Amino acid sequence: MVPLECYIGLSAIIFMIGVAGFLIRRNIIIMLMSIELMLNAVNISLVAFSHYLQDLRGQVFVFFIITVAAAEAAIGLAILVSLFKNKAAVHTDEITEMKG
Amino acid sequence: MLPVIFFIYFAVAMTALSILIITRKNPVHSVLWMLAMFFHIAALYLFLNAEFLAAVQLILYAGAILVLFLFVIMMLNLREELSIERFIDEWPIGVALAVSILLLIYFTLAKFVQGPLGQYSIEAVKSETHTKALGKVLYTDYLFPFEIASLVLLIAIVGAIVLAKKRS
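Residues numbered from 1 in each chain as written. Chains lettered and ligands numbered in written order. Predicted model: local features only at pLDDT ≥ 70, side-chain atom pairs only at ≥ 80, totals over all residues. Heavy atoms only, no water.

Participant: Please explain the pattern of salt bridges as it appears in this structure.
Facilitator: A side chain with one charge may pair with a side chain of the opposite charge, provided their charged atoms come close. For the structure shown, the criterion picks out three salt bridges over all chains. Note that Arg 26 of chain A and Asp 89 of chain B form a salt bridge whose closest N and O atoms lie 3.4 Å from each other. In this pair, Arg 26 of chain A is assigned in the loop between helix 1 (4–24) and helix 2 (28–52) and Asp 89 of chain B in the loop between helix 3 (51–76) and helix 4 (91–110), connecting two distinct chains. Assessed through its relative accessible area of 10%, Arg 26 of chain A is described here as buried. The class for Asp 89 of chain B is exposed, based on a relative accessible area of 64%. Residues Asp 55 of chain A and Arg 57 of chain A are paired through a salt bridge, measuring 2.9 Å at the closest nitrogen-oxygen approach. (Salt bridge = Lys/Arg side-chain N within 4 Å of Asp/Glu carboxyl O. Helix = DSSP H or I, 4+ residues; strand = E, 2+ residues; numbered from the N terminus. Buried < 20%, exposed > 50% of the residue type's maximum accessible area, 1.4 Å probe, protein only.)

So this is what it looks like as structure tokens:
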């Protein structure tokens, strides 16, 4: 039997890779995919907790996270499409309107 | 012994796939590696006796969200992507921040104390079937959050249409 800590460790590593991808990439599409990666890492840890603590509440939370992830992807990509229509840019360093 | 071998395979493969996702130059390649990643996550859910969630993971993530990503990449036609530098100039700072978050989680994990077990043991879930047990919890204890989730989806539908439509 694999101990619970291994699953949490795996989830932490995937979360870290997601954070790194969000921080270091220029492309907004890849940044959105990194957010999906982070949400999936949290889902893995919730399902592992649910299995090892013998409680289904963790898996119910996974449902809600998947719902929010779907909504976030739809809205994020819609923002991306309208940004591309206005500026023809999908790189973070070309979007400098808020810079003082 | 066999579960340990399976887990080691999944850990190594998922770490490698995540690194591939965030480092590929072409976004289409990233999406395809993400597809492989989602299949591995679904298999890990099966491994943790969450078969309904494994099916939802494949249908919703691999079937819906990734297709959405592919459609947007197709619409935007990112030819210049292949010639531009893919990481920002300050990338070591980003990696250092991510590693510090990982260390923080590991130090927290050392203090982890397992709580009391719940009532849904593997045998109890097996006798009731997983989908039925999950549905019971979702539609009784979590009915109100479930309704709020439907509202979140409605806002996402309306918001996506409003943001992406042509200005008149």
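Let's pick the thread back up.
Participant: Please explain the packing of helix 1 of chain A against helix 1 (residues 2–23) of chain B as it appears in this structure.
Facilitator: Two quantities define a packed helix pair, namely the angle between the axes and the distance from one axis to the other. The N-to-C vectors of helix 1 of chain A and helix 1 of chain B enclose an angle of 5 degrees; their axes lie 9 Å apart at closest approach. Regarding the angle of helix 1 of chain A to helix 1 of chain B, the classification is roughly parallel. Here Cys 6, Tyr 7, Leu 10, Ile 13, Ile 14, Ile 17 and Gly 21 of chain A of helix 1 of chain A come into contact with helix 1 of chain B, specifically with Phe 7, Ala 11, Met 14, Thr 15, Ser 18, Ile 19 and Ile 22 of chain B. Of the residues in the contact of helix 1 of chain A with helix 1 of chain B, the class split is eleven nonpolar, three polar and no charged. (Axes fitted to C-alpha atoms, helices over the stretch in contact; angles between N-to-C directions. Parallel < 35°, antiparallel > 145°, perpendicular 65-115°, else oblique. Contact = heavy atoms within 4.5 Å. Nonpolar A, V, L, I, M, F, W, Y, C, P; charged D, E, K, R; others polar.)

Participant: Explain helix 3 of chain B here, please?
Facilitator: An ideal rise of 1.5 Å per residue puts 38 Å on 26 residues; helix 3 of chain B measures up with 36 Å between its terminal C-alpha atoms. By the largest-angle criterion, Leu 66 of chain B marks the main kink of helix 3 of chain B, which is about 25 degrees. Of all the residues in helix 3 of chain B, the buried ones are Leu 53, Ala 54, Val 56, Gln 57, Tyr 61, Ala 62, Ile 65, Leu 66, Phe 69, Val 72, Ile 73 and Leu 76 of chain B. Turning to helix 3 of chain B, the residues buried within the fold contact helix 2 and helix 3 (57–87) of chain A together with helix 2 (27–47) and helix 6 (130–140) of chain B. (Expected span 1.5 Å × (residues − 1). Bend = angle between axes of the 7 residues up to and from the residue.)

Without other data, these values stay purely geometric and don't point to any function.
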